[in-house]
Structures are given as structure tokens and as C-alpha cells.
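What the coordinates show
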Amino acid sequence: EDAQCPVCKSDKYLTPNLKLLVSPCFHKMCESCIDRLFSAGPAPCPICQQVLRKNQFMSQIFEDLAVEKEVRIRKRVAKVFNKRPEDFPSLRAYNDYLEMVEDISKSIK
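1. Describing the state of the cysteines
Across all of its chains, the model carries zero disulfides by this definition. Of all cysteine sulfurs, the one in Cys-48 lies closest to Cys-25, which takes part in no disulfide; the gap is 3.6 Å. The exposure class of Cys-25 is buried, given its relative accessible area of 14%. Residue Cys-45 stays outside any disulfide, its sulfur separated by 3.7 Å from that of Cys-25, the closest cysteine.

2. Overview of the sheet that holds strand β2 (residues 28-30)
Spatial strand order, β2-β1-β5: three strands in an open sheet with antiparallel pairing. Taken across any chain shown, the strands that pair with only one partner, and hence form the sheet edges, are β2 and β5 (58-59). Running at roughly 90° to β2, helix α1 (residues 31-38) makes contact with β1 (20-22) and β2 of the sheet.

3. Observations regarding the pattern of salt bridges
Under the defined criterion, the tally for this structure stands at seven salt bridges. Residues Glu-68 and Arg-72 are paired through a salt bridge, measuring 3.7 Å at the closest nitrogen-oxygen approach. A residue pair is termed a helical-turn pair when its members lie 3 or 4 positions apart in one helix, as Glu-68 and Arg-72 do in helix α2 (residues 65-80) at four residues. In this structure, Glu-68 and Arg-72 share a single accessibility class: buried. The partner of Arg-74 in a salt bridge is Glu-70, and the shortest N-O contact between them spans 2.9 Å.

4. Observations concerning the packing of aromatic side chains
One pass over the structure, following the stated rule, counts four aromatic pairs. Ring geometry for Phe-88 against Tyr-97: centres 5.0 Å apart, planes inclined by 40°, an arrangement best described as tilted. For the pair formed by Phe-88 and Tyr-97, the shared burial category is buried. An angle of 25° between the planes, with centres 6.5 Å apart, marks the rings of Tyr-94 and Tyr-97 as stacked. Of the two residues, Tyr-94 and Tyr-97 are both situated in helix α3 (residues 91-107); the distance of three residues between them amounts to about one turn of the helix. Given the relative accessible area of 16%, Tyr-94 is considered buried. These aromatic residues form a ring-pair network of at least three members: Phe-88, Tyr-94 and Tyr-97.

Calculation notes
- Residues numbered from 1 in each chain as written.
- Predicted model: local features only at pLDDT ≥ 70, side-chain atom pairs only at ≥ 80, totals over all residues.
- Heavy atoms only, no water.
- Disulfide = S-S within 2.5 Å.
- Buried < 20%, exposed > 50% of the residue type's maximum accessible area, 1.4 Å probe, protein only.
- Pairing = 2+ DSSP bridges.
- Helix = DSSP H or I, 4+ residues; strand = E, 2+ residues; numbered from the N terminus.
- Contact = heavy atoms within 4.5 Å.
- Axes fitted to C-alpha atoms, helices over the stretch in contact; angles between N-to-C directions.
- Salt bridge = Lys/Arg side-chain N within 4 Å of Asp/Glu carboxyl O.
- Phe/Tyr/Trp six-rings, centres within 6.5 Å; stacked < 30°, edge-to-face > 60°.

Structure follows, in C-alpha cells:
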């Protein structure tokens, strides 16, 4: 199931050169389906209906999509919350900041 495009049902085992990409909503699709569905512009994800663009699909880095999602969320949060220990008057203040960042990361779904 993980090695299959949910749109065209192409299988990575039967088609070894099949490249599956991951959408921002964390659904996998093969490159040819992405080209077919999103070449004319934004379109809804065939699985969850979230509007997507072709350039938003990325190669999957981690085997587990849950890990993939968490890493992407943490990267987005780190772009905004990127203070260093020297930005705080004490180690305690820095640790409180890190706890806040962790809470924010966990609250994003």
C-alpha cells in the first residue's frame, strides 16, 4: 500500500522506477499523476480535497510519513522560533523558551 500510487494504482514493485512524492497533506502520488492532475494549476488532492500545487510535492525522506510530517513541522517552527542561548538572560529563560517552542510544535497538526 505504501509503495502504490493511490490515484493510478501503479505499484513500485511492478514498476521499479516509479517515483512517489509526498504532498503537503502527506499523501503520496506518483510523478505522472501529479503532472496530469496539477499541470494546469492548483487542484484538490484526490484523497482529502486540500487544494495543492504541483511545486508543493516533495521527495519522501523518511519511510514513516508520521516522521516526515513531524520533521516538516519542526522545520517550519524553527524558521520563526530560532533564538539562541545568548539571546536570554539565563539558562532557565532559554529552557522556558525551548519548552514553549516544543509545545507549539506539538500543537500543529
